[in-house]
Amino acid sequence: MLDVKRIVSLKGKRKLTMLTAYSYFQARMLEEAGIDMILVGDSLGNVMLGYENTLPVVMEEMKSAVAAVRRGAPNTFVIADMPFLSYQPSLELAIENAGSFLKIGANAVKLEGGQEVASIVERLVNLGVPVMGHIGLTPQYVNTIGGYKVQGRDEASVKRLVQSAKELVRSGVFSIVLELVIEELAGQITEEEPVPTIGIGSGRFCDGQVLVLHDLLGVNMEFTPKFVKRYARLRETVVSAVSDYISEVRDGRFPAENNVFKKEEK
Ligand code: KIV
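All values reported here derive from a predicted model rather than from experimental measurement.

**Remarks on the site of the ligand**
All residues adjacent to the ligand are Thr20, Leu39, Gly41, Asp42, Ser43, Asp81, Lys110, His134, Val177, Ile200 and Val212. A distance of 2.5 Å separates an oxygen atom of the ligand from a polar side-chain atom of Ser43. For the ligand, the accessible surface in isolation is 260 Å², of which the surrounding protein chains cover 94%. Across the shell around the ligand, the residue classes tally to four nonpolar, four polar and three charged.

And the structure:
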């Protein structure tokens, strides 16, 4: 399993791979495939719980997912996403919640925000909690940033992102997620900062990439942003398999003779 030091040391040597997972079997499959890091993202709210955005996600929902992922991927570096208002209200709350993720097996936590969360990051790191930063499009701020827009297109936004990355590094993050940042700026931050950047919708120059598992697998076919590449069309596969099952049960082809138990069999 990677650890924080090794993750940082891989910067510039090879690309890092990260995907989200929320359940035992998803985690098992990602570990089997050899992923570097699993993020139990608060995107769980969208893709697992059917919420409109990530704001309603609570610690209990995240903890249940983190524990399941740890059971499924005992040898993979797991990062737990701190949900909305689980770290912002007070340092005590941030410490308690981040600590509870580590107690159930997470290797690190991720929290959204730049300069405004730097003091929380610093305190957590000083207490022994590895922290991954997350800047650019930060979905927990959707109501104040005016929707899900590409970041870094104007001077003020560039300045804020560059400054936030520096502040997070100064506070001790071991890595930073850059979400929906224009490629040139993501490249600049990647070059300037000593910790690996993990991009989502932020172009080719980041130190690693992350995608939401459901997007990569083609489960959520309604969501088709340009930065997603579908490596499978799982929704079609599942709907087709379930339709076949329905037909076969209805017309008596399932169960067949080889699916049943008889008195004379051992
Ligand atoms: O919650 C999540 O899945 C994330 C990734 C999109 C980086 O934060």
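Following the structure, the description resumes.
**Observations regarding the sheet that holds strand E2 (residues 37-40)**
Through backbone hydrogen bonds, the strands of a sheet pair up, either in parallel or in antiparallel fashion. Taken together, the eight strands give a closed barrel; going around it, the order is E1-E2-E3-E4-E5-E6-E7-E8, and neighbouring strands pair in parallel fashion. Here the strands of the sheet are splayed against their neighbours by 25 degrees on average, with no regard to which way each runs. Where strand E7 (residues 197-200) lies against strand E8 (residues 208-211), two bridges are found, and the strand directions are parallel. Opposite Ile198, over in E8, you have Gly208 as the bridge partner. Along the sheet face, helix H4 (residues 59-72) touches E2 and strand E3 (77-81) and points at about 155 degrees away from the line of E2.

**Re the nonpolar core**
If you look at the biggest cluster of nonpolar residues, it comprises 52 residues, and the most contacted ones within it are Ile38, Phe101, Leu111 and Ile176. In contact with Leu111, not counting residues within four places along its chain, are Met82, Tyr87, Val117, Ile120, Val121, Leu124, Val131, Met132, Gly133 and His134. Core analysis: the next-biggest nonpolar cluster, separate from the first, contains 16 residues, Ile7, Leu16, Met37 and Val177 among them.

**With respect to the packing of aromatic side chains**
Throughout the structure, instances matching the rule amount to three aromatic pairs. Where Phe77 meets Phe174, the ring centres are 5.8 Å apart and the plane angle is 70 degrees; that geometry is what we call edge-to-face. With Phe77 in strand E3 and Phe174 in the loop between helix H8 (155-171) and strand E6 (175-179), this residue pair connects regions lying 97 residues apart in the sequence. On the accessibility criterion, Phe77 (3% relative accessible area) is buried. For Phe174, a relative accessible area of 4% translates into the label buried. Seen in terms of ring centroids, Tyr245 and Phe254 are 6.1 Å apart; in terms of plane orientation they differ by 55 degrees. Their pairing is tilted. Exposure remark for Phe254: the relative accessible area of 35% places this residue in the partly exposed category.

So, how was this worked out
- Residues numbered from 1 in each chain as written.
- Predicted model: local features only at pLDDT ≥ 70, side-chain atom pairs only at ≥ 80, totals over all residues.
- Heavy atoms only, no water.
- Near = heavy atom within 4 Å.
- Polar contact = N/O pair within 3.5 Å; in protein donor to acceptor, adjacent residues only side chain to side chain.
- Areas by Shrake-Rupley, 256 points an atom, 1.4 Å probe, with all protein chains shown as cover.
- Nonpolar A, V, L, I, M, F, W, Y, C, P; charged D, E, K, R; others polar.
- Pairing = 2+ DSSP bridges.
- Helix = DSSP H or I, 4+ residues; strand = E, 2+ residues; numbered from the N terminus.
- Axes fitted to C-alpha atoms, helices over the stretch in contact; angles between N-to-C directions.
- Contact = heavy atoms within 4.5 Å.
- Core = buried A, V, L, I, M, F, W, Y, C linked by side-chain atoms within 4.5 Å.
- Buried < 20%, exposed > 50% of the residue type's maximum accessible area, 1.4 Å probe, protein only.
- Phe/Tyr/Trp six-rings, centres within 6.5 Å; stacked < 30°, edge-to-face > 60°.

Such coordinate-based values are descriptive only and should not be taken to indicate function.
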